[in-house]
Amino acid sequence: MTPSAWLSGSVGENDNTTTGEDFTVNTVQISKHVWWAGVKDPDLRVFDIVMPTQYGTTYNAYVVRGEKTALIDTVKKQFSAEYFAKVESLVPLDAVDYLIVNHTEPDHSGAIAELLKQSPKLQIVCSGAALPFVRNVLNDDTPLTTVKDDAVIDLGGVTLKFKIMPYMHWPDTMMEFCPEDKVLFSCDGFASHLSGESVFDEDTRVDLPREMKYYFDAIMRPFSGYIRRNMPKLDGLDIDMVAPSHGPVLRKYAAQFIQDYRDWTVDKLAGAPRVTIFYVSNYGNTGLLAEAIDKGLTEAGLKTDLVELSTCPVEKAQDLIERSAAILIGTPTFNSDAPRPVWDLMNLFSTVYSIGKKAAVFGSYGWGGEGTKLIAERLSSMKLKVYPETYRARLIPSAKEMTEVHDFARKVAEFVRE
Ligand code: FEO
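Predicted model only: the values in this text are computed from it and were never measured.

With mixed pairing, the five strands of this open sheet are ordered in space as E13-E14-E15-E16-E17. Every interior strand has two partners, whereas the edge strands, strand E13 (152-154) and strand E17 (241-243), have only one. Ignoring strand direction, the axes of neighbouring strands in this sheet form an average angle of 20 degrees.

Summed over all chains, the structure comprises 15 aromatic pairs. The ring of Phe200 has Arg251 sitting right over it, with the charged end atom 3.4 Å from the ring centre.

Below, the discussion takes up the side chain of Glu322. Relative to the helices and strands, Glu322 resides in helix H9 (residues 314-323). A polar side-chain atom of Glu322 sits 3.0 Å from a polar atom in the side chain of Arg221. Not counting chain neighbours up to four residues away, the residues in contact with Glu322 comprise Arg221, Ser224, Lys268, Leu269, Val352, Tyr353 and Lys357.

Attention now goes to the nonpolar core. In this structure, Tyr83, Met168, Leu184, Phe190 and Tyr261 are the most contacted members of the largest nonpolar core, which totals 60 residues. Elements represented by at least two residues in this core include exactly helix H1 (80-88), strand E10 (98-101), helix H3 (112-118), strand E11 (123-127), helix H4 (130-138), strand E15 (174-178), helix H5 (208-220) and helix H7 (254-264). When residues of this core are assigned to their parent elements, the largest contribution, six residues, is made by H5. Other than its neighbours up to four places away in sequence, Leu184 contacts Met175, Glu176, Phe177, Phe190, Leu234, Leu237, Ile239, Met241, Val242 and Ala243. Judged by nonpolar contacts, the second largest core, of 27 residues, contains Ile72, Leu155, Leu160 and Ala243.

The next point concerns helix H11 (residues 370-381). Residues lying three or four places apart along an α-helix face the same way, a consequence of the helix completing one turn every 3.6 residues. Compared with the 16 Å implied by 1.5 Å per residue over 12 residues, the 17 Å span of H11 between its first and last C-alpha is a close match. Inspection of H11 places Gly371, Thr372, Ile375, Ala376 and Leu379 among the buried residues, and these make up the whole buried set. Angularly, the buried residues of H11 cover 130 degrees about the axis, an arc narrow enough to put them on a single face. Projecting away from the buried face of H11 at angles above 90 degrees are the exposed residues Lys373 and Ser381. Here the buried face of H11 lies against strand E20 (326-330), helix H10 (340-349), strand E21 (358-365), strand E22 (385-386) and strand E23 (391-394). Within two residues after H11, Lys383 carries a phi angle of roughly 70 degrees, on the positive side.

A few words now on a nonpolar patch on the surface. A grouping of Leu288, Leu395 and Ile396 is seen on the molecular surface, where their side chains present a nonpolar patch of about 290 Å² in accessible area. Within the element layout of this structure, Leu288 appears in helix H8 (residues 285-299).

Following the UniProt record, one finds the feature "domain: Flavodoxin-like" (unreviewed entry) at residues 275-413. For residues 275-413, helix accounts for 45% and strand for 22%, while the C-alpha atoms at its two ends are 9 Å apart.

Further remarks concern the pairing of E15. Remark: a regular strand shows side chains that alternate across the two faces of the sheet. Along E15, five of the five residues are buried, which leaves the element largely enclosed by surrounding structure. With four bridges joining them, strand E14 (residues 159-164) and E15 adopt antiparallel strand pairing. Across the sheet, the residue bridging to Lys161 is Phe177, located in E15. Direction of pairing for E15 relative to strand E16 (residues 183-185): antiparallel, over a ladder of three bridges. Bridge pairing links Phe177 to Leu184 in E16. Linking E15 back to E16 in an antiparallel pair, the connection comprises four residues, with Lys182 at a positive phi of about 60 degrees.

Each value, and the rule that gives it
Residues numbered from 1 in each chain as written. Predicted model: local features only at pLDDT ≥ 70, side-chain atom pairs only at ≥ 80, totals over all residues. Heavy atoms only, no water. Pairing = 2+ DSSP bridges. Helix = DSSP H or I, 4+ residues; strand = E, 2+ residues; numbered from the N terminus. Axes fitted to C-alpha atoms, helices over the stretch in contact; angles between N-to-C directions. Phe/Tyr/Trp six-rings, centres within 6.5 Å; stacked < 30°, edge-to-face > 60°. Lys NZ or Arg CZ within 6 Å of the ring centre and 35° of its normal. Polar contact = N/O pair within 3.5 Å; in protein donor to acceptor, adjacent residues only side chain to side chain. Contact = heavy atoms within 4.5 Å. Core = buried A, V, L, I, M, F, W, Y, C linked by side-chain atoms within 4.5 Å. Buried < 20%, exposed > 50% of the residue type's maximum accessible area, 1.4 Å probe, protein only. Expected span 1.5 Å × (residues − 1). Arc of directions from axis to C-beta. Patch = residues over 30% accessible without salt bridge, like charges linked within 9 Å, V, L, I, M, F, W, Y side chains within 5 Å. Areas by Shrake-Rupley, 256 points an atom, 1.4 Å probe, with all protein chains shown as cover. Salt bridge = Lys/Arg side-chain N within 4 Å of Asp/Glu carboxyl O. UniProt positions renumbered as here; feature names shortened; annotations may be inferred.

Written out as structure tokens, the structure reads:
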């Protein structure tokens, strides 16, 4: 039995079922004016190159019908035929009035170009940030309509109110709320990678809260600061149902997962500035510098954590990065490079919200000493504010160098407090 076969029970929610060329066309009416018309990809085992997806995923698209019709997002390109068949089972493609593009990543924008050929009068609606991306998807001058926060499209008997949600998780992300049906179309927010028989959360037999957190950590966590600033836009909306772009439509868990996103993106920097000093040290020399810097920062009144990298679990390192106002990296130089544990740490910075944090780099070296410069450059490229000097000592730090590194710590403390 494949995982997707036992993900959910059959709840008989499928209506409008017909047989397509090599797929079954079933759409699901999820509320008075809204149909799920997405596709399932139960055999997907890796999403976006790096994220294991043991339960596959879905590319959710929706049809909203009043006197006019709006499509909300499309699907990954190779599922276009199935998607078009589903939409056409509800409304002729050339009668569709709007395509709402919540986000232009190819898993949702893959069918736009072909859709436009079949529905030439269709009006594309997107955020201002999405405009250049849609241009890059279509590579033509198709007219585009951009919307701002709280703009409304009236479909005749049903409306969509837009909420611009930048970096949740792309700069172009937007959501919309349908007040008549109390449905929030949430793009990649509140999504999960699951493909089951039913489209609804209450029928899912896997641990959905666990999968939701897994998805959040993999996709959303690096943008926690942006999400925290966006979430108040949902306050006051009378949401009964969340219709995300992947995984189950949320009825049972809608309120819980919205609250979870608030909790998971809480500002961990509150309180006195905290500094984490990560280091590795083969012969103890970079370790001596790390301890001296730790002492200097503490004397300057900063709260510090001194962490030897090779024994630090990934989850702890991620948490420390998020909680720290500044991160110092102590790295030796091996063969003109920083050693692998330091680069592994660098790779963690893009898995959490680290933009704008302060940073500084130091280390002992034998002859080249390139490691500190390379790590400082990498931190800068990831948009951390890096102290302009690195501190290096050759081999065993002398008494003079120990005084210098203490002074370096004092200057870094001032930099952290700026
Ligand atoms: Fe599911 Fe960010 O695309």
